[in-house]
Amino acid sequence: MLYVENLVVDYGKARALHGVSLKVNQGEIVALIGRNGAGKTTLLRASTGLIPITSGKVTLDGTRLDGKKASHIARLGFTHVPQGRQVFADQTVEDNLRLGAYSVFRDKKKVETNLEREFRRFPRLHERRGQLAGTLSGGEQQMLAISRALMSDPRIVVMDEPSMGLAPVIVMDVLKAVQEVNCAGTTVLLVEQLATAALSIAHRGYVLQNGRIQLEDTGESLLRDPDLVRSYLG
Ligand code: ATP
């Protein structure tokens, strides 16, 4: 579904990605793991048109994405849940969700149907539909950020470190929600520093180090890989 081929990204004179290739098949959760500064966010931002690439190719079902604007890429069904959640703090939960429906907003009935679907998926958001998003807990804000992305019926969602800043027990809730979203039909590219947690829900995983893919395998095999265990999982 999504192919990233030989992606090179530079920040001025500093090269952040040195020819990265990965693929995400329809229906998969693919985990991209790596330490701080490995280039995970750069890869996501470059694939979704938020920063320019130096060379390489990104395609979604055969359509070239590189060189396209982020808004165009989002309309093609490729949505980004940014790092740090970035919900609209001064708006209610419901308004945040409605703002996520940009690709279907002309179809009022569709917006309502999607809103009801998201409230069924995340009952906690339903209970808090009138509450200002900035007053939600960290875990609830992460659920809202994911749910907002789903309002536009994306085909694939990339999530940038959904565990960031959350207590371990809440991380497991969020990852369970990611798994449920995937089971309901959305393909997921999950970027995480928490390697074990991410690989435990991923069909496949890639390990990024210093802007290069070092390992790729099924989530299960990576969790048992001695090199990975030594360098990442302790
Ligand atoms: P983290 O897990 O800490 O978010 P990451 O794996 O997502 O890290 P990136 O944020 O993609 O890593 O950073 C990759 C490299 O690119 C790092 O060396 C970083 O310092 C550099 N970098 C990132 N953004 C910029 C920028 N706007 N200008 C210059 N260098 C940048």
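Structure's up top.
Residues numbered from 1 in each chain as written. Predicted model: local features only at pLDDT ≥ 70, side-chain atom pairs only at ≥ 80, totals over all residues. Heavy atoms only, no water.

## Points about the overall build of the protein
Then step 1. What the protein contains, in helices and strands, is ten helices and ten strands.
Then step 2. Relative to the globule expectation of 17 Å for 234 residues, the C-alpha radius of gyration of the protein, 17 Å, shows essentially globular dimensions.
Then step 3. Seen through its C-alpha atoms, the protein measures out along the principal axes to roughly 45 × 40 × 30 Å.
Then step 4. Every one of the 234 residues in the protein was classed for burial, and the buried ones make up 49%. (Helix = DSSP H or I, 4+ residues; strand = E, 2+ residues; numbered from the N terminus. Rg over C-alpha atoms; globule rule 2.2 N^0.38 Å. Buried < 20%, exposed > 50% of the residue type's maximum accessible area, 1.4 Å probe, protein only.)

## Description of the site of the ligand
Then step 1. The full set close to the ligand counts 13 residues, and Asn-36, Gly-37, Lys-40, Thr-41 and Thr-42 are the nearest of them.
Then step 2. Within the contact set of the ligand, an oxygen atom lies 3.1 Å away from a backbone nitrogen or oxygen of Ala-38.
Then step 3. Measuring from an oxygen atom of the ligand, one finds a side-chain N or O atom of Gln-193 at 3.2 Å.
Then step 4. The greatest single-element share of the shell around the ligand, amounting to three residues, is contributed by helix H1 (residues 40-47). (Near = heavy atom within 4 Å. Polar contact = N/O pair within 3.5 Å; in protein donor to acceptor, adjacent residues only side chain to side chain.)

## Section: the environment of Leu-150
Then step 1. Among the secondary structure elements, Leu-150 is positioned in helix H6 (residues 138-150).
Then step 2. Residue class for Leu-150 comes out buried when judged on its relative accessible area of 3%.
Then step 3. A sequence separation of 27 residues divides Leu-150 from Ala-177, and the C-alpha atoms of the two residues are 12 Å apart.
Then step 4. Ignoring sequence-local partners within four residues, the contact set of Leu-150 consists of Arg-117, Glu-118, Arg-121, Val-157, Val-181 and Thr-186. (Contact = heavy atoms within 4.5 Å.)

## Here's the deal with the packing of H6 against helix H7 (residues 168-183)
Then step 1. At a closest axis distance of 10 Å, the pairing of H6 and H7 adopts a crossing angle of 15°. Taken together, the axes of H6 and H7 are roughly parallel relative to one another. As for how H6 packs across H7, the hand of that crossing is right-handed. Across the interface between the two elements, Gly-139, Gln-142, Met-143, Ile-146 and Leu-150 from H6 touch Ile-170, Asp-173, Val-174, Ala-177, Val-178 and Val-181 from H7.
Then step 2. Classifying every residue of the contact of H6 with H7 by side-chain character gives eight nonpolar, two polar and one charged. (Axes fitted to C-alpha atoms, helices over the stretch in contact; angles between N-to-C directions. Parallel < 35°, antiparallel > 145°, perpendicular 65-115°, else oblique. Left-handed = near helix turned anticlockwise from the far one by under 90°. Nonpolar A, V, L, I, M, F, W, Y, C, P; charged D, E, K, R; others polar.)

## Quick look at the sheet that holds strand S9 (residues 204-209)
Then step 1. Pairing in this open sheet of six strands is mixed, and the strands run S6-S7-S8-S3-S9-S10 from one edge to the other. A strand with exactly one partner marks an edge of an open sheet, and here the two such strands are strand S6 (78-81) and strand S10 (212-218). Adjacent strand axes in the sheet meet at a mean angle of 15° when their direction is disregarded. (Pairing = 2+ DSSP bridges.)

## Observations concerning H6
Then step 1. The terminal C-alpha atoms of H6 lie 19 Å apart, and with 13 residues this matches the ideal 18 Å at 1.5 Å per residue to within 8%.
Then step 2. The element H6 is extensively covered by neighbouring structure, given that twelve of its 13 residues are classed as buried.
Then step 3. Along H6, the positions that sit buried rather than exposed are Gly-139, Glu-140, Gln-141, Gln-142, Met-143, Leu-144, Ala-145, Ile-146, Ser-147, Arg-148, Ala-149 and Leu-150.
Then step 4. Residues of H6 that are buried sit in contact with S6, helix H3 (93-99), helix H4 (108-121), helix H5 (123-127), strand S7 (156-160) and H7. (Expected span 1.5 Å × (residues − 1).)

## Side note on the nonpolar core
Then step 1. Of all hydrophobic cores here, the largest spans 42 residues; its most connected members are Ile-33, Leu-144, Ile-146, Met-159 and Leu-190.
Then step 2. At the level of secondary structure, the elements contributing two or more residues to this core comprise strand S3 (29-33), H3, H4, H6, S7, H7, strand S8 (187-192) and helix H8 (195-201).
Then step 3. With sequence-adjacent residues up to four places away left out, Ile-146 is seen in contact with Val-81, Phe-122, Met-159, Val-174, Val-178 and Val-181. (Core = buried A, V, L, I, M, F, W, Y, C linked by side-chain atoms within 4.5 Å.)

## Digging into the environment of Asp-160
Then step 1. For Asp-160, the position within the fold is in strand S7.
Then step 2. In this structure Asp-160 comes out as buried when scored by relative accessible area, which is 3%.
Then step 3. Taking C-alpha positions, Asp-160 is 19 Å from Val-8, a pair spaced 152 residues apart along the chain.
Then step 4. Among all residues touching Asp-160, those that are not within four sequence positions of it are Thr-41, Leu-44, His-80, Val-81, Pro-82, Gln-83 and Val-191.
Then step 5. Side chain to side chain, Asp-160 and Gln-83 meet in a polar contact 3.4 Å long.

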